Amino acid sequence: MSKRLIGIEIGNSTLRVAILNQDKGRISVGSLLERSYADSGELTTKLKEILAGEFRIGDQLVTKLSARTAYVRQLEFPFQDDKKIAAAIPFSLSTQLPVAIDHCATAMQRVQPTDKGATVKVAAVPTETLQSLLETFESADVPLHLIDLSPFCYVTGLGEQIGDGLLICATDQETTVSLVQGGCLVDYRALPATAKPAQAAQLQQLLREIRVLKQMAGAGPLRISLMGEGGTPALAEALQAYRLEVELLSLNLGGQLVDGEILPVVALALRAKVVKPDRSFNF
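Residues numbered from 1 in each chain as written. Predicted model: local features only at pLDDT ≥ 70, side-chain atom pairs only at ≥ 80, totals over all residues. Heavy atoms only, no water.

Asker: Could you give an account of the packing of helix α1 (residues 40-50) against helix α3 (residues 127-139), naming the residues involved and the relevant values?
Answerer: Taken N-terminus to C-terminus, the directions of α1 and α3 make an angle of 55°; their axes are 8 Å apart at the nearest point. What the angle tells us is that α1 and α3 run oblique. The two elements α1 and α3 meet at a crossing, and its hand is right-handed. Residue-level contacts link Leu43, Thr44, Leu47 and Lys48 of α1 to Thr136, Phe137 and Ser139 of α3. Split into classes, the residues belonging to the contact of α1 with α3 amount to 3 nonpolar, 3 polar and 1 charged. (Axes fitted to C-alpha atoms, helices over the stretch in contact; angles between N-to-C directions. Helix = DSSP H or I, 4+ residues; strand = E, 2+ residues; numbered from the N terminus. Parallel < 35°, antiparallel > 145°, perpendicular 65-115°, else oblique. Left-handed = near helix turned anticlockwise from the far one by under 90°. Contact = heavy atoms within 4.5 Å. Nonpolar A, V, L, I, M, F, W, Y, C, P; charged D, E, K, R; others polar.)

Asker: Would you mind going over unusual backbone geometry in detail, with residue names and values included?
Answerer: Omega for the peptide link from Ser150 to Pro151 comes to -5°, which places this bond in the cis form. Mapped onto the elements, Pro151 comes out in the loop between β9 (146-149) and α4 (152-162). Put simply, Lys196 and Pro197 share a cis peptide bond, and its omega is -5°. Position of Pro197 relative to the elements: it lies in the loop between β12 (184-192) and α5 (200-217). One non-glycine residue, Asp141, adopts positive backbone phi at about 55°. Tracing the backbone through its elements, the reader meets Asp141 in the loop between α3 and β9. Exposure remark for Asp141: the relative accessible area of 61% places this residue in the exposed category. (Buried < 20%, exposed > 50% of the residue type's maximum accessible area, 1.4 Å probe, protein only.)

Asker: I'd like a rundown of the environment of Leu248, residues and numbers included.
Answerer: Here Leu248 shows up in strand β14 (residues 246-248). A residue is classified by how much of its surface remains accessible, and Leu248, at 42% relative accessible area, is partly exposed.

Asker: Tell me about the nonpolar core, and name the residues and values.
Answerer: With 60 residues, the main nonpolar core has Ile8, Leu15, Leu20, Leu51, Leu158 and Val266 as its most contacted residues. In terms of residue count, the dominant contributor to this core is helix α7 (residues 263-271) (7 residues). Discounting residues that sit within four places of it in the chain, Leu20 has contacts with Lys3, Arg4, Leu5, Ile27, Ser28, Val29, Gly30, Leu253, Val266, Ala269 and Leu270. (Core = buried A, V, L, I, M, F, W, Y, C linked by side-chain atoms within 4.5 Å.)

Asker: Describe in detail the packing of aromatic side chains, supporting the description with residues and values.
Answerer: Tallied over the entire structure, the rule returns 4 aromatic pairs. Ring geometry for Phe77 and Phe79: centres 5.7 Å apart, planes at 35°, overall tilted. Residue class for Phe77 comes out buried when judged on its relative accessible area of 8%. An angle of 80° between the planes, with centres 4.9 Å apart, marks the rings of Phe152 and Phe281 as edge-to-face. (Phe/Tyr/Trp six-rings, centres within 6.5 Å; stacked < 30°, edge-to-face > 60°.)

Following this line, the structure appears as structure tokens:
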């Protein structure tokens, strides 16, 4: 039985929706939709228009929070028991946040055992930010199954295609630079949205973060993949001028080529097919 994977990306003034069909492990594009909106009321209306009708059993709807809204921390514990770790996370995390943990919603990745105990990556977002997102979908009568965090959701959805390299996702909300090794996110940087064309100061900031992550990856060339509305040919050329190997990312799904501008929301939809990822979140 086929099911739909539905990614929903809410930008500053643009709503994008990717509806993918998954049938016996094969994924094809159902529809890729984009609508502009002026305010929260119009956003609700557009959501209703695009996703009107009854949802099917098995549908998976996913959206995301921006990286710059969250505090992500790697916590270490001298024990490996999952229940003990879950109980200890609030206290341990509260000592590392610039805001009160009582005002935050949290999500954790899968616990990773170590020789000395265990580590776990935890994300905290202001409760007000999460509630605002939830209210948008509740107003449109659209049920959500997953709320992930950028750029973790992108790498979870596209990790197999990227393998090893840097993934730059440039949207109208932010620009993220992710170090991907073995299809998994190792580290990332979140920057303000990159203008079109990129300003000199923005380009230099982006280059600094690329250099840091390249050093972390070790020796050897590292392919850089661009996606998002800000991942333009002009930005690729600007980075190539610094002798970087840069490509505009695209993806073939069931014979349909998905270009880089719409790819972030497609990556969100693909995130929905990964039921229990080791290195992603669900708020």
